[in-house]
Amino acid sequence: MKIARLPNGSPEVFHTLQGEGISTGVPAVFVRASLCNLHCVWCDTDYTWNFEGTPWPHEKDADPNYTKFSKDRHMIEMTPADVAAAIREYSCRRLVVTGGEPLVQQEEFIDVLEILRDWDHRWIFELETNGAITPEPDLDRIISQYNVSPKLSNSGNNEDLRLNQEALTFFAASPRAWFKFVISSPADLAEVAGLQSQFGLDVERIFLMPEGRDPKTLQGRREWLAEKCRALGYRFSDRLHIQLWGDERGR
Ligand code: SF4
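Residues numbered from 1 in each chain as written. Predicted model: local features only at pLDDT ≥ 70, side-chain atom pairs only at ≥ 80, totals over all residues. Heavy atoms only, no water.

Turning our attention to the nonpolar core. Core analysis: the biggest nonpolar cluster contains 49 residues, and Val-31, Ile-87, Leu-95, Val-112, Leu-113, Phe-181 and Leu-208 have the highest contact counts within it. Here this core takes 5 residues from helix α3 (residues 106-119), the largest share from any one element. In this structure, Leu-113 is in contact with Leu-95, Val-97, Phe-125, Leu-139, Ile-142 and Ile-143, ignoring residues within four places of it in sequence. (Core = buried A, V, L, I, M, F, W, Y, C linked by side-chain atoms within 4.5 Å. Buried < 20%, exposed > 50% of the residue type's maximum accessible area, 1.4 Å probe, protein only. Helix = DSSP H or I, 4+ residues; strand = E, 2+ residues; numbered from the N terminus. Contact = heavy atoms within 4.5 Å.)

This brings us to the packing of aromatic side chains. Taken as a whole and judged by the stated rule, the model has 8 aromatic pairs. Summarising the aromatic geometry, the rings of Tyr-66 and Phe-69 are spaced 6.0 Å apart at their centres and angled 80° between planes, so their arrangement reads as edge-to-face. One exposure class covers both Tyr-66 and Phe-69, and it is buried. Between Tyr-146 and Phe-170 the ring centres are 6.1 Å apart and the planes differ by 80°, which places this aromatic pair in the edge-to-face class. Here Tyr-146, found in strand β7 (residues 145-148), pairs with Phe-170, found in helix α6 (residues 165-173); they are 24 residues apart in sequence, far enough to count as distant. (Phe/Tyr/Trp six-rings, centres within 6.5 Å; stacked < 30°, edge-to-face > 60°.)

This part takes up the pairing of strand β8 (residues 177-183). β8 sits mainly inside the fold: 6 of its 7 residues count as buried. Bridge count between β7 and β8: 3 bridges; the pairing is parallel. Note that in β8 the partner of Asn-147 across the bridge is Trp-178. Where β8 lies against strand β9 (residues 206-210), 5 bridges are found, and the strand directions are parallel. Bridge pairing in β9 places Lys-180 opposite Phe-207. (Pairing = 2+ DSSP bridges.)

Right, let's talk about α6 for a bit. Every buried residue belonging to α6 is among Ala-167, Leu-168, Phe-171 and Ala-172, and all of these are buried. Along the long axis of α6, the arc covered by the buried residues comes to 135°, so they all point the same way. More than 90 degrees from the buried face of α6, the exposed residues found are Glu-166 and Ala-173. Buried positions along α6 lie against β6 (124-129), β7, β8 and α7 (188-199). For α6, the side-chain oxygen to backbone nitrogen distance between the N-cap and Glu-166 is 2.9 Å, and the N-cap itself is Asn-164. (Arc of directions from axis to C-beta. Polar contact = N/O pair within 3.5 Å; in protein donor to acceptor, adjacent residues only side chain to side chain.)

A few words now on unusual backbone geometry. Cis peptide bonds are those with omega within 30 degrees of zero, and the linkage from Gly-99 to Gly-100 qualifies with 15°. Relative to the helices and strands, Gly-100 is located in the loop between β5 (94-98) and α3. Phi at Leu-35 is positive, roughly 80°, even though this residue is not glycine. Residue position: Leu-35 is located in the loop between β3 (27-32) and α1 (71-74).

Glancing now at the environment of Val-192. Here Val-192 shows up in helix α7. You can call Val-192 buried: its relative accessible area is 0%. Expressed as a C-alpha distance, the spacing of Val-192 and Lys-180, which sit 12 residues apart in the sequence, is 9.8 Å. If sequence neighbours within four positions are ignored, Val-192 has contacts with Leu-152, Phe-181, Ile-183, Ile-206, Leu-208 and Tyr-234.

With that settled, consider the sheet that holds strand β10 (residues 235-236). If you trace the 8 strands from one edge of the open sheet to the other, you get β2-β3-β5-β6-β7-β8-β9-β10, paired in mixed fashion. Of all the strands in the sheet, the pair left with one neighbour each is β2 (13-17) and β10. Of the strands in this sheet, β8 and β9 are in contact with α7, which crosses β8 at around 160°. Lying on the sheet, helix α8 (residues 215-232) is in contact with β8, β9 and β10; it crosses β9 at an angle near 155°. (Axes fitted to C-alpha atoms, helices over the stretch in contact; angles between N-to-C directions.)

Relative to the helices and strands, Asp-140 resides in helix α4 (residues 137-140). On the accessibility criterion, Asp-140 (18% relative accessible area) is buried.

This is the structure:
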């Protein structure tokens, strides 16, 4: 299976605090899958999919220092047993499976999670997903919490790719799913309201999170977005890891 690779050559498996959503501030081990089925123009983990030779645009294309990523340097091929062993090096028993989009490799992640659960039944598994792929029953049985972040038009993805009716219906029906929307401007709120209505999402299950890869950008969006959450009843999510560590990898 394909895991994001850190600059030091190690797989991107690290122990930190969850930075977003309902588990913000909770210590967890993270494993970052490589590959994604979407290509968001503001993606801050673009090294998982924006590889040399691909046609996808990114906001940073205008920066002369920005180049597409080498697969050899930014992706590592591992067996599920090796991934589980890397995760087991930490004593924490909460795992966040993130990406990229982990559901692109869900068969492999089922193996990883089953190895961990067979070893210690106390594991809590969070899965972070863009909500455009439906989990298999064997995965659904083992996941404790879904952090679903359906992408809006501000992501630059075509609607037929980013909004999968079957998958979003599945997540809407799961009591273990929380929804987190990345907000760039007030105009995005109408799209959130449309999806909320279409899939019958309770306002209590929805987080609005400012888009931003640095503290200054987040600050510029935080105040008006927090006020919108207060007025409309949504939960607000900050990006704790950006506040603490900027966009440093493996934190
Ligand atoms: S879905 Fe997530 S990982 Fe994939 S391109 Fe968008 S922000 Fe990046």
